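Chain by chain, the residues:
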Amino acid sequence: MSRRTFVAPVVLLALAPAPAFAASPLMSAEWTQQACTAWNQNPTLTNGLAKWIGNDKGRGYKAIHLYRTDCGLATATELVIVKENGKAVCRHGGPITHAKLDHAVDYTMHATTGRWKEMGDGDYGPMKAMMFGRLQFTGPKMEAMGVMGPFEAFLRMPGKVAWDKACPGG
């Protein structure tokens, strides 16, 4: 092989545009990790949920399990929120690390892909989502009612963090 035939492909690769990275499936471990990062960049969540995070039964965290109903419970992921410097900070987003939740302080939320998209697009807020069964919710409901503003910012995550329609793990 001559030097010329070897160099040409290398030069072509160097000049080729970088491949675009595909968005992760909504509610996948990768997407949930990105949502955790977005949480920490959103003062409505970090400051607005500062009192909410205090109801953790002394464990030092609250866990939220999320999934898309049409993809199934087996695809659930987790956000772990802690109190740090007086704020509600996301410490973990990804695979479930707390298999058993205490729904006196923790949450499980699921909705169809279409409903997550609608909430992410701001078509409606948490009150309508829960009242009409568009968001299935297990956890301390009265507590959630007291933080509807920040909770709405949370439901907007599917409109802030890029995703694709494939089911996680599919």
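Above this note sits the structure.
All values reported here derive from a predicted model rather than from experimental measurement.

Peer 1: Looking at this model, I keep getting lost on the state of the cysteines. Mind explaining?
Peer 2: When the sulfur atoms of two cysteines share a covalent bond, that bond is a disulfide. Tallied over the entire structure, the rule returns two disulfides. The partner cysteine of cysteine 36 in its disulfide is cysteine 90, sulfur to sulfur 2.1 Å. Classification of the bridge connecting cysteine 36 and cysteine 90 rests on its S-S torsion, roughly -120°, and on that basis the disulfide is left-handed. Of the two residues, cysteine 36 is situated in helix H2 (residues 29-40) and cysteine 90 in strand S3 (residues 87-94); the sequence distance between them amounts to 54 residues.

Peer 1: Explain the sheet that holds strand S2 (residues 77-84) here, please?
Peer 2: Sheets are built from strands that pair by backbone hydrogen bonding, the pairs being arranged parallel or antiparallel. With mixed pairing, the five strands of this open sheet are ordered in space as S3-S2-S1-S4-S5. Two strands close off the open sheet at either side, each with one partner strand: S3 and strand S5 (136-138). Strand-to-strand twist in this sheet, taken as the mean axis angle between neighbours without regard to direction, amounts to 20°. As paired strands, strand S1 (residues 62-68) and S2 are joined by five bridges and run antiparallel to one another. Note on S2: the bridge partner recorded for histidine 65 is glutamate 78. Contacting S1 and strand S4 (107-111), helix H4 (residues 113-120) runs over the sheet at an angle of about 105° to S4.

Analysis parameters
- Note on numbering: residues in each chain are counted from 1, in written sequence order.
- The predicted nature of this model means local features are confined to residues of pLDDT at least 70 and side-chain atom pairs, given and counted, to a pLDDT of 80 or more, with totals for whole chains, interfaces and linings taken over all residues.
- With hydrogens and water excluded, all non-hydrogen atoms of the structure serve as input to the side-chain values.
- Two cysteine sulfur atoms form a disulfide, by the criterion used here, when they sit within 2.5 Å.
- Put simply, DSSP marks the helices as runs of H or I at least four residues long and the strands as runs of E at least two long, and each gets a number from the N terminus on.
- By definition, two strands form a pair when at least two bridges between them are found by DSSP.
- All axes are obtained by fitting lines to C-alpha atoms, using only the stretch in contact for helices, and the reported angles, taken between N-to-C directions, cover 0 to 180 degrees.
- Throughout, a residue-residue contact means that at least one pair of heavy atoms, one from each residue, lies within 4.5 Å.

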